[in-house]
Amino acid sequence: MTLFALAYLALIAAGIGTKVIFCLYTWARARTRGAVLLAVLLALATGIALSYFLTRIGVSRGAVAPSIALRFFSLAYAPVVMLLFTLDFAGFRRWLNLRVMLALLLVPTLTQLALLTNESLGGMFEVWWLEKLAGLTVVQYTPGPFWYVHTLYSYVMVTVTLAILLWRIRMLRALARRQYVTVLVGALAVVVPNVLYILVPNGPVSLELNTIGTSIMGVCVWLAVFRFNLVDEVLNARSLAIDHIQEGIFVLDQHQMVVDLNDAALAITGRAYRDVLGKPMSELLGMALPALPEDGPVEVSLDRGGQPRSYEVRLSPLFGRAQQMGHVLIFYDVTQRRLAQEREVALRVERERNRMLSYFVRSTSHDLRTPLSVISTSLYLARRAEDAGQREVRLANAEAQIARINQMISDMHLLAILESDRQPTLQLFRMQELLSPTADYIRAEIERKHLHCEFSMDGDVMVNADPGLLRPAYQHLLQTAVEYTPEGGQVWVRVLRATGHAVLQVSDSGPGIAPEQREQLFEMFTRADVARTPSRSGGGAGLGLPIARRIAEAHHGEITLASEVGKGSTLSLALPAADEPVPAAPAP
């Protein structure tokens with residue numbers, strides 16, 4: 001045996017020993033993703049190397065036949081296992097189901113049947129023989145029909161594997177890219193000698209390159225396992241954690257194209273994996289990066305299977321090789337939190353509504369009790385009065401309180417109408433027509449307090465308005481002025497035009513309203529300090545001014561209050577004049 005033959009066999013033996021060590025090391029980490037398939041692939045590679053070793057030292061057909069069976073067994077199944085390992089390692093685990101694996105293993109299994117029946121059928125080799133080359137035994141053969149099927153199928157499997165590896169390499173971070181490159185080089189180291197064997201079937205080149213290819217594959221496996229942590233549990237655990245994390249993670253390149261994503265992100269898109277990679281985010285979710293700040297989250301709402309989901313989206317730059325390579329988008333599902341917040345807001349609104357309703361019931365009960373008490377007393381005194389004049393006074397007082405109760409009921413009904421967002425029925429209307437007639441209960445209060453009322457008008461001031469709503473607004477403004485004016489005081493009512501608006505002003509000589517109470521007067525069920533209200537009734541139910549403001553806003557107008565403590569107050573109702581364009585009614 002020549003020195004070359006001894007070196008060649010030593011190299012194959014070293015490769016066999018190395019592969020056995022790698023196979024055992026990988027199998028010990030069987031729980032790690034891809035470890036089992038990699039161990040099987042290494043075992044098949046060991047079988048290929050062992051078959052070459054046994055063939056090279058064989059001296060007869062009987063001694064070489066088992067090694068040929070071992071070689072083609074390993075060669076038949078190795079490309080399929082390599083593809084399955086690549087699918088698993090590249091994140092296509094959903095393809096690793098029983099139906100797919102059985103389909104992929106069909107041709108390798110038929111290859112074994114062809115080998116078993118080759119002596120009688122000649123399916124794999126029509127004839128085969130032994131030759132000596134550089135002191136080593138070499139098997140030569142004439143291919144049979146099924147040999148071409150086996151060879152074509154194997155190269156299809158290898159081509160698909162290489163395509164997947166190349167496709168994944170271009171979108172991975174540095175460490176994972178090195179893993180894929182080493183696996184790719186190892187696969188090519190085995191494929192290239194086989195291609196040369198087909199092109200140059202008889203010659204020493206195939207013998208030498210097969211040995212070199214096997215050695216290169218061993219080096220690549222060593223690098224992948226020990227240098228780049230191919231089956232490292234921590235690294236794979238990190239990958240599994242990212243795949244199974246609840247937050248959706250999108251990795252984008254500099255052109256905002258999706259280059260990677262986890263399972264949660266895939267579920268957000270509602271598409272298949274192959275339909276997402278390489279697509280822009282604007283096409284997948286209608287989101288553009290310029291609209292997303294890098295200094296804080298943005299909340300978005302997306303439709304998933306007909307159900308709206310709320311997400312908090314965070315954008316972070318992705319750096320590599322000292323430059324920005326893209327972005328990472330993280331989607332936090334905050335739907336439950338948003339629903340909880342909405343339920344909390346609804347609960348607070350309901351509590352506030354109940355509080356206001358309770359306050360309204362108490363206030364209304366008090367406001368109804370007062371006039372009813374006056375009516376009861378007046379009727380009692382009227383029945384016992386001997387003087388007809390006194391009797392008439394008592395009855396008139398009772399009638400005034402009945403009118404007041406009717407007004408309170410009308411206010412409640414009007415408030416219900418305004419709360420229903422009913423739009424006003426506009427028509428051309430003179431503001432002067434609001435000034436008469438004055439409500440009986442207000443006129444009675446004016447006469448009782450001996451107030452001096454002065455009315456002035458600035459010609460015909462026209463508005464487009466709903467008279468049925470404006471009259472109650474004016475009556476409430478006048479009632480407020482009357483209630484806050486002491487006996488013998490004055491009330492001024494003016495209708496004028498100012499900068500395209502029709503203005504109704506109601507002023508009084510009352511004590512004025514403190515600044516901190518002015519805006520509160522326009523809140524529901526809120527009344528000014530009763531101690532400063534000269535009216536015997538102690539004020540209304542706290543609905544007058546809020547109703548008046550809502551009526552003004554329904555007409556695209558406003559109500560303002562100007563007051564000075566000790567000198568009186570002025571309430572102004574301003575509406576667009578009729579010769580100005582009338583805006584459309586506000587949407588409900």
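Note that the structure is predicted; figures quoted are calculated from it, not measured.

Next up on the list: unusual backbone geometry. Despite not being glycine, His450 shows a phi value in the positive range, around 55°. Within the fold, His450 resides in the loop between helix H15 (440–449) and strand E9 (452–457). One non-glycine residue, His556, lies in the positive phi region at around 60°. Here His556 is to be found in the loop between helix H18 (544–554) and strand E13 (558–564).

In space, the five strands of this open sheet follow the order E9-E11-E12-E14-E13, with mixed pairing throughout. Of all the strands in the sheet, just E9 and E13 have a single pairing partner and so form its edges. Strand-to-strand twist in this sheet, taken as the mean axis angle between neighbours without regard to direction, amounts to 15°. Sheet strands touched by helix H16 (residues 467–483): E9, strand E11 (490–498), strand E12 (501–508), E13 and strand E14 (568–576). Its angle to E12, the strand with the most contacts, is close to 25°.

What follows covers the packing of aromatic side chains. The tally for this structure, following the rule as stated, stands at eight aromatic pairs. With a centroid separation of 5.0 Å and 55° between ring planes, the pair formed by Phe73 and Tyr77 is classed as tilted. Separated by four residues within a single helix, Phe73 and Tyr77 lie in helix H3 (residues 61–89), roughly one turn from each other. Overall, Tyr77 belongs to the buried group, its relative accessible area being 15%.

Formed by 42 residues in total, the largest nonpolar core has its most connected members in Met431, Leu470 and Leu504. Elements with a minimum of two residues in this core: helix H14 (388–419), H15, strand E10 (462–465), H16, E11, E12, H18 and E14. For this core, the leading source of residues is H16, giving eight residues. If sequence neighbours within four positions are ignored, Leu504 has contacts with Met431, Leu434, Leu435, Tyr474, Val493, Arg494, Val495, Leu571, Ser572 and Leu573.

Packed helix pairs are characterised by how far apart their axes lie and by the angle those axes make with each other. Running from N to C, H14 and H18 point in directions that differ by 40°, and their axes come no closer than 11 Å. Between H14 and H18 lies a crossing whose hand is left-handed. Of H18, the residues touching H14 (which contributes Asp411, Leu414, Leu415, Leu418 and Glu419) are Ile547, Arg550 and Ile551. Here the contact of H14 with H18 is composed, by residue class, of five nonpolar, no polar and three charged.

Next up on the list: the pattern of salt bridges. For side chains bearing opposite charge, pairing can occur when the charged atoms are close. Following the criterion strictly, the structure yields 10 salt bridges and no others. Residue Glu299 pairs with Arg338 through a salt bridge whose shortest N-O separation is 2.7 Å. Of this pair, Glu299 sits in strand E5 (residues 298–304) while Arg338 sits in helix H13 (residues 335–384), and the two are 39 residues apart along the sequence. Where Glu312 meets Arg337, a salt bridge forms, and the shortest distance between an N and an O atom there is 2.8 Å. Here Glu312, found in strand E6 (residues 307–320), pairs with Arg337, found in helix H13; they are 25 residues apart in sequence, far enough to count as distant. Look at Glu312 and you get buried, because its relative accessible area is 18%. Taken together, the shared-partner salt bridges in this structure form one network comprising Glu445, Arg448 and Glu487.

Quick notes on the rules
- Residues numbered from 1 in each chain as written.
- Predicted model: local features only at pLDDT ≥ 70, side-chain atom pairs only at ≥ 80, totals over all residues.
- Heavy atoms only, no water.
- Helix = DSSP H or I, 4+ residues; strand = E, 2+ residues; numbered from the N terminus.
- Pairing = 2+ DSSP bridges.
- Axes fitted to C-alpha atoms, helices over the stretch in contact; angles between N-to-C directions.
- Contact = heavy atoms within 4.5 Å.
- Phe/Tyr/Trp six-rings, centres within 6.5 Å; stacked < 30°, edge-to-face > 60°.
- Buried < 20%, exposed > 50% of the residue type's maximum accessible area, 1.4 Å probe, protein only.
- Core = buried A, V, L, I, M, F, W, Y, C linked by side-chain atoms within 4.5 Å.
- Left-handed = near helix turned anticlockwise from the far one by under 90°.
- Nonpolar A, V, L, I, M, F, W, Y, C, P; charged D, E, K, R; others polar.
- Salt bridge = Lys/Arg side-chain N within 4 Å of Asp/Glu carboxyl O.

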